[in-house]
Amino acid sequence: MAGVPIYQPLSSLTAQLTDAESLSLIPPVMSAQQSPSIINPSVYLNYLSKEEATIYEVGRNINLATLGALIWDILSSLPDERKLIQGGRGSTVLFAYFLARPSALAMVILTVLEQTGPVSNCGLIAVISATFQIISSATASYLFLRRVHAVYFDSKNVQHAFSLLWSVGICASCLLLYDAIHNYNEIADTKHCIRQQYWAPLPVAFWIPVLFDCVVYCAIMYKILSSHRTGQKKGWRSYFCHPKGLPHFSRAVFEGGQQYYLITDGINTNRFIFSTNSSILPSYQVMLSAATVALTSAMACRVYRNLLIEALDEVHINNRELTKPVFADGHVVNVSLSLAAEPPLPKVKSRTDSEGDCAAFERV
């Protein structure tokens with residue numbers, strides 16, 4: 001036909017073929033109605049929202065850091081624990097000491113396993129983890145229960161009241177078992193676990209330890225300060241300020257209680273606040289549980305260990321009988337201490353020494 005070229009230049013044909021080949025390499029555009037396919041469906045993050053995935057990853061990192069810190073604390077205290085074993089026979093307090101951190105370690109390991117997988121039964125792992133959490137919390141608080149028993153050795157009513165509060169705390173902690181059975185599930189089929197439901201009674205299990213620590217701390221501080229009134233400041237500030245004029249052992253008890261309470265109360269309170277907030281994700285509410293249990297057990301054992309090691313060193317250096325201070329009639333009385341099972345206290349009659357705030361003792 002006239003006006004239509006029959007042949008085209010070779011360069012023009014080559015350009016057209018190149019354009020066609022490049023167009024064939026462009027993937028088709030996905031329509032709005034089509035959903036993207038999951039390349040690797042076994043990855044648990046694919047089944048979580050952006051907010052859930054962020055909280056899940058943050059919680060996992062916190063638990064991994066807690067695991068490393070707790071292992072370091074246990075290993076670094078082995079030389080001192082050897083002294084504790086060599087220094088005396090077995091007792092309920094020593095048994096609680098050696099059970100607190102291993103049970104916390106087992107709880108942290110299981111918590112990390114829930115978030116790193118593979119876990120075939122999330123409910124079972126959560127129940128075992130909650131059991132170790134209850135054991136660790138109970139044994140750590142028992143160390144301070146025995147301390148308040150020693151301080152108020154002459155008041156059975158006070159001892160029974162604190163024992164009852166300690167027992168209530170254990171019973172409240174058992175609520176964790178119900179929460180573990182009903183609220184932990186597997187993320188699709190990924191062998192990873194997550195807490196998926198909010199349970200209103202759970203904050204009770206986290207509030208009782210805060211209450212117990214607060215009451216024990218205030219009771220011990222009150223007894224120490226009221227037994228050494230001379231030259232001491234009055235008022236609530238004296239419970240948190242470094243007291244002057246206290247005997248060496250009483251000052252060690254005071255400072256150890258301050259370290260434990262002021263450090264652990266902060267994280268315990270934050271855990272309680274998270275658990276009461278129903279507007280946040282269920283996994284967010286328990287994100288600090290492993291860190292709280294690990295820190296509480298580590299601090300309780302540290303305070304107990306330092307106090308007892310100090311007493312043992314004094315015995316070995318001065319070749320003196322190991323004693324402990326108890327409070328009677330407003331005075332401090334040193335009574336023979338067995339590292340074993342707390343034998344009956346000997347009858348003593350106190351007499352004020354030259355300083356006016358301490359008392360020696362004589363066996364009757």
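Located above this text is the structure these notes cover.
Residues numbered from 1 in each chain as written. Predicted model: local features only at pLDDT ≥ 70, side-chain atom pairs only at ≥ 80, totals over all residues. Heavy atoms only, no water.

**Describing the overall build of the protein**
Here is step 1 of the chain: Across its full length, the protein carries 11 helices and six strands.
Here is step 2 of the chain: The burial tally for the protein puts 45% of its 364 residues in the buried class.
Here is step 3 of the chain: Look at the contacts in the protein between residues 6 or more apart in sequence, and 67% of them connect residues 24 or more apart.
Here is step 4 of the chain: Carbon together with sulfur atoms contributes 62% to the accessible area of the protein, which is approximately 19800 Å² in total. (Helix = DSSP H or I, 4+ residues; strand = E, 2+ residues; numbered from the N terminus. Buried < 20%, exposed > 50% of the residue type's maximum accessible area, 1.4 Å probe, protein only. Contact = heavy atoms within 4.5 Å. Areas by Shrake-Rupley, 256 points an atom, 1.4 Å probe, with all protein chains shown as cover.)

**Details of a nonpolar patch on the surface**
Here is step 1 of the chain: Together, Ile71, Leu75 and Leu78 make up a nonpolar patch on the protein surface, roughly 270 Å² of accessible area in all.
Here is step 2 of the chain: By the element assignment, leucine 75 lies in helix α2 (residues 50-76).
Here is step 3 of the chain: For leucine 75, a relative accessible area of 53% translates into the label exposed. (Patch = residues over 30% accessible without salt bridge, like charges linked within 9 Å, V, L, I, M, F, W, Y side chains within 5 Å. Salt bridge = Lys/Arg side-chain N within 4 Å of Asp/Glu carboxyl O.)

**Quick look at the state of the cysteines**
Here is step 1 of the chain: Counting across every chain of the model gives one disulfide.
Here is step 2 of the chain: What pairs with cysteine 122 in a disulfide is cysteine 193, and their sulfur atoms sit 2.0 Å apart. Between cysteine 122 and cysteine 193 the disulfide shows an S-S torsion of about -85 degrees. By sign, it is left-handed. In this pair, cysteine 122 is assigned in helix α5 (residues 122-151) and cysteine 193 in strand β2 (residues 193-195), connecting sequence segments 71 residues apart.
Here is step 3 of the chain: Sulfur of cysteine 218: no disulfide; nearest cysteine sulfur belongs to cysteine 214 and is 4.3 Å away. (Disulfide = S-S within 2.5 Å.)

**Observations regarding helix α4 (residues 92-116)**
Here is step 1 of the chain: In this model, α4 (25 residues) spans 36 Å end to end at C-alpha, consistent with the 36 Å of a helix rising 1.5 Å per residue.
Here is step 2 of the chain: At the C-terminal side of α4, glycine 117 shows a positive phi close to 70 degrees. (Expected span 1.5 Å × (residues − 1).)

**A closer look at the environment of glycine 169**
Here is step 1 of the chain: By the element assignment, glycine 169 lies in helix α6 (residues 156-173).
Here is step 2 of the chain: Here the alpha-carbon distance between glycine 169 and serine 137, two residues 32 residues apart in the chain, equals 9.1 Å.

**Focus on the packing of aromatic side chains**
The description of an aromatic ring pair rests on the distance of the ring centres and on the angle between the ring planes.
Here is step 1 of the chain: For the structure shown, the criterion picks out seven aromatic pairs.
Here is step 2 of the chain: On the basis of an interplanar angle of 40 degrees and a centroid distance of 5.1 Å, the ring pair of tryptophan 207 and phenylalanine 272 is categorised as tilted. Taken together, the residues span a long stretch of sequence, with tryptophan 207 in helix α8 (residues 202-227) and phenylalanine 272 in helix α9 (residues 248-276) at a distance of 65 residues.
Here is step 3 of the chain: Summarising the aromatic geometry, the rings of phenylalanine 274 and tyrosine 284 are spaced 5.3 Å apart at their centres and angled 50 degrees between planes, so their arrangement reads as tilted. Of this pair, phenylalanine 274 sits in helix α9 while tyrosine 284 is found in helix α10 (residues 282-285), placing the two residues 10 residues apart along the sequence.
Here is step 4 of the chain: Note on tyrosine 284: relative accessible area 25%, which makes it partly exposed.
Here is step 5 of the chain: One aromatic cluster in this structure is built from Tyr97, Phe98 and Tyr304. (Phe/Tyr/Trp six-rings, centres within 6.5 Å; stacked < 30°, edge-to-face > 60°.)

**Description of empty space enclosed by the protein**
Here is step 1 of the chain: For the structure shown, the criterion picks out four cavities of 30 Å³ or more.
Here is step 2 of the chain: Looking at the largest cavity, it is lined by 26 residues, and the ones nearest its centre are Thr111, Glu114, Tyr184, Val286 and Ser289.
Here is step 3 of the chain: Listing elements by their share of the lining of the largest cavity, those giving two or more residues are α2, α4, α5, α7 (175-183), β2, α8 and α11 (289-318).
Here is step 4 of the chain: For the lining of the largest cavity, a count of residues per class yields 15 nonpolar, eight polar and three charged.
Here is step 5 of the chain: Reported here for the second largest cavity is a volume of approximately 230 Å³.
Here is step 6 of the chain: At the level of secondary structure, the elements contributing two or more residues to the lining of the second largest cavity comprise α5, α6, α8, α9 and α11.
Here is step 7 of the chain: Broken down by element, the residue count for the lining of the second largest cavity peaks at six residues, all from α5. (1 Å grid on protein atoms, 1.4 Å probe; cavity = no way out; pocket = protein on both sides within 12 Å on 5 of 7 lines; lining within 4 Å. Points joined across faces, edges and corners; volume = space filled by probe spheres on them. Nonpolar A, V, L, I, M, F, W, Y, C, P; charged D, E, K, R; others polar.)

**Considering α5**
Here is step 1 of the chain: Between its terminal C-alpha atoms α5 stretches 44 Å, which fits the 44 Å expected from 30 residues at 1.5 Å a residue.
Here is step 2 of the chain: Among the 30 residues in α5, 22 count as buried, and that is most of the element.
Here is step 3 of the chain: Two or three places before glycine 123, at the start of α5, stands the capping residue asparagine 121, its side-chain oxygen 3.3 Å from that residue's backbone nitrogen. (Polar contact = N/O pair within 3.5 Å; in protein donor to acceptor, adjacent residues only side chain to side chain.)

**Observations regarding the nonpolar core**
Here is step 1 of the chain: Among the nonpolar cores identified, the biggest contains 34 residues, and Leu143, Phe144, Leu145, Val148, Val216, Ile220 and Tyr304 are the most heavily contacted of them.
Here is step 2 of the chain: Listed by contribution, the elements that provide at least two residues to this core are α4, α5, α6, α8, α9 and α11.
Here is step 3 of the chain: Here this core gets eight residues from one element, more than from any other, and that element is α5.
Here is step 4 of the chain: Here tyrosine 304 is in contact with Val93, Leu94, Tyr97 and Leu143, once residues within four sequence places are set aside. (Core = buried A, V, L, I, M, F, W, Y, C linked by side-chain atoms within 4.5 Å.)

**As for the environment of arginine 147**
Here is step 1 of the chain: For arginine 147, the location among the structural elements is in helix α5.
Here is step 2 of the chain: We classify arginine 147 as buried; its relative accessible area is 14%.
Here is step 3 of the chain: The spacing of arginine 147 and isoleucine 220 is 73 residues in sequence and 8.3 Å in space, taken between C-alpha atoms.

**Focus on the packing of α5 against α6**
Here is step 1 of the chain: Interaxial distance between α5 and α6 falls to 10 Å at its minimum, and their mutual angle equals 175 degrees. As far as their axial angle goes, α6 and α5 are roughly antiparallel. Seen from α5, the contacting residues are Ile134, Ala138, Ser141, Tyr142, Leu145, Val148 and His149; seen from α6, they are Gln159, Phe162, Ser163, Trp166, Ile170 and Ser173. (Axes fitted to C-alpha atoms, helices over the stretch in contact; angles between N-to-C directions. Parallel < 35°, antiparallel > 145°, perpendicular 65-115°, else oblique.)

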